[in-house]
Amino acid sequence: MSCTKLLVRNDIYDLYVKNLSTLDKGAYYRYRWEESCIKATLLLHAKTELEVEEINWKYELRRPLFEKDNLVEFDFDNGNKKIRCKGIIAGTDIYRVHGKIEEIEYDICGKDYETFREKCLYKHIAEKYIKETPEKLLIISGFSGVGKGTIIHQLLTDHPEKYVVSVSSTTRKPRKGEVDGKSYHFTTRKEFEELVSRDEFLEFSEYAGEYYGTLKKEVYKNYFEGKNVIIEIDSQGARQIRKQQKIQSVFLIPPSFDELLHRLKNSGTETEESIRRRLKRALVEIEHVEEYGVILVNDSVEGTAFVVDALFHPALKHACGCNERELNIVKEIREGIIRYLSNGNLSDRGIY
Ligand SMILES: Nc1ncnc2c1ncn2[C@@H]1O[C@H](COP(=O)(O)OP(=O)(O)OP(=O)(O)O)[C@@H](O)[C@H]1O
Ligand SMILES: Nc1nc2c(ncn2[C@@H]2O[C@H](COP(=O)(O)O)[C@@H](O)[C@H]2O)c(=O)[nH]1
């Protein structure tokens, strides 16, 4: 079986292709794969010498047929005739990753070509880039109702080209107004567990009996397209990601417990029972605030969004710490939640 790798530098690709000798025993194909994919080359490791002698084949990449013996069946078309042959593909994709040109090389003889290729791609990005450029990713956590969604919305409004939010997957039912694929990817438990078994999640956790998780694909695809990715997750998920790589993380807190309660009640959709459930959860989350690089008081939407934007600056990628003010607020919130949960609701205090 003939076997040669075709690696062509992006800047000389066109020239190379134009001058390609018909004696070259290989097939190549140029295509756009995703926004960030500039070129891709493929080479057939053909089964017979006769097959590799055909040149200028067009390879229908998106519809490979797979055989039990791992040989892929292709239709090649040299303009005069179509040939069906079998082989193994080796390929190189050339991408623009945050402004840099990067080649990703892969061999494929597996069953599921698309999945395999994506895995190669994401593994490469994760290992080579994301770990080196943690400032491109940011975790945002915070108590329910603190204003995470509001701040993210502000950032997306102010800088639509710069940021993207990774859409989490969840097994919980959609709430009113939530859109599948935008608010969350709503999945069944079975689907979620299958994704877990295929190692598709960057992190996942169980919250109130439901699964929540961040798909690697969600983060890496956007990262690859040159966006800064915001990951809104809880502290369990944040811990899992931190174990894998350096990443800046921010925990939003309200200016006071009363303000947190005001925001929760003001949303108008929360029942007393769900407020208490969220506050119980906040008591768990509050134990982990000091694991975060930055604790940020969300007292003004514009001001907080401004600081979060600044945290993406490379100079601040390792910024960390909180001062006494934040720690005192955290303490006050913890006491407020405990008091509220043990005393009943705030209407006793004449605030609302
Ligand atoms: N800086 C702020 N000042 C005053 N109100 C705010 C501020 N930030 C957010 N809010 C208000 O707080 C309420 C809750 O905000 P939001 O839904 O963004 O919270 P969240 O943390 O995303 O909640 P959840 O985790 O439950 O989805 C909203 O009514 C929002 O308008
Ligand atoms: N570990 C993860 N936590 C996540 C993810 N997406 C959301 N969340 C957190 O879940 C709770 C509940 O969210 P809700 O939409 O049902 O109110 C909240 O704390 C979120 O931050 C995720 O992908 N991973």
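Below, the structure is looked at part by part. (Residues numbered from 1 in each chain as written. Chains lettered and ligands numbered in written order. Predicted model: local features only at pLDDT ≥ 70, side-chain atom pairs only at ≥ 80, totals over all residues. Heavy atoms only, no water.)

## Notes on the site of ligand 2
Rules: Whether a residue is near a molecule or strand is decided by its heavy atoms; if any one of them lies within 4 Å of it, the residue is near. Throughout this description, a polar contact denotes any pair of N or O atoms lying within 3.5 Å of each other; where both atoms belong to protein, one of them has to be capable of donating a hydrogen while the other can accept it, and for residues adjacent in sequence the pair is counted only when both atoms sit in side chains. Note on areas: Shrake-Rupley, 1.4 Å probe, and residue coverage restricted to the protein chains presented here. Following the grouping adopted for this structure description, the nonpolar residues are Ala, Val, Leu, Ile, Met, Phe, Trp, Tyr, Cys and Pro, the charged ones are Asp, Glu, Lys and Arg, and the polar ones are all others, Gly among them.
Neighbouring residues of ligand 2: 14 residues in total, closest Ser 168, Arg 172, Tyr 184, Glu 203 and Tyr 212. Within the side chain of Glu 203, a nitrogen or oxygen atom sits 2.7 Å from a nitrogen atom of ligand 2. Asp 234 has a polar side-chain atom sitting 2.8 Å from a nitrogen atom of ligand 2. Protein contacts shield 90% of the accessible area of ligand 2, which totals 520 Å² for the unbound molecule. Here the residues of the shell around ligand 2 are counted per class, giving four nonpolar, five polar and five charged.

## A closer look at the sheet that holds strand β10 (residues 201-207)
Strand pairing in a sheet is mediated by backbone hydrogen bonds. Such pairs are either parallel or antiparallel. What counts is decided by this rule: Note: two strands are recorded as paired if DSSP finds a minimum of 2 bridges between them. The way it works is that DSSP assigns letters per residue, a run of H or I at least four long becomes a helix, a run of E at least two long becomes a strand, and they are numbered from the N terminus. Contacts were defined at the residue level, with two residues in contact if any of their heavy atoms lie within 4.5 Å. Axis definition: a line fit to C-alpha positions, over the contact stretch in the case of helices; interaxial angles, taken between N-to-C directions, run 0 to 180 degrees.
Taken in spatial order, the four strands line up as β9-β8-β11-β10 in an open sheet, and their pairing is mixed. Unpaired on one side and paired on the other, β9 (185-186) and β10 mark the two borders of the sheet. Strand contacts of helix α5 (residues 189-197): β8 (169-170), β10 and β11 (210-215), with the helix running at about 45 degrees to β11, the strand carrying the most contacts.

## Examining the site of ligand 1
Close contacts around ligand 1 come from 15 residues, with Ser 144, Lys 148, Thr 150, Arg 278 and Asn 298 the closest. Within the backbone of Gly 147, one N or O atom sits 3.0 Å away from an oxygen atom of ligand 1. Contact distances for ligand 1 include 3.4 Å between a nitrogen atom and a backbone N or O atom of Val 301. Coverage of ligand 1 by the protein chains reaches 67% of its 640 Å² of free accessible surface. Broken down by element, the residue count for the shell around ligand 1 peaks at three residues, all from helix α4 (residues 148-158). The residue inventory of the shell around ligand 1, partitioned by class, reads three nonpolar, seven polar and five charged.

## Section: unusual backbone geometry
One non-glycine residue, Asp 199, adopts positive backbone phi at about 60 degrees. Along the chain, Asp 199 turns up in the loop between α5 and β10.

## What to know about the pairing of β11
Definition in use: Each residue is placed in one exposure class: buried if its accessible area under a 1.4 Å probe, protein chains only, is under 20% of its type's maximum, exposed if it is over 50%, and partly exposed if it falls in between.
Within β11, five of the six residues are buried, which leaves the element mostly enclosed by the surrounding structure. As paired strands, β8 and β11 are joined by two bridges and run antiparallel to one another. Pairing of Ser 169 across the sheet is with Gly 213, part of β11. When β10 meets β11, the two strands line up antiparallel, connected through six bridges. Within the sheet, the bridge partner assigned to Phe 204 lies in β11 and is Gly 213. Counting the residues between successive antiparallel strands, the hairpin from β10 to β11 contains two residues, one of them, Ala 208, with a positive phi of roughly 50 degrees.

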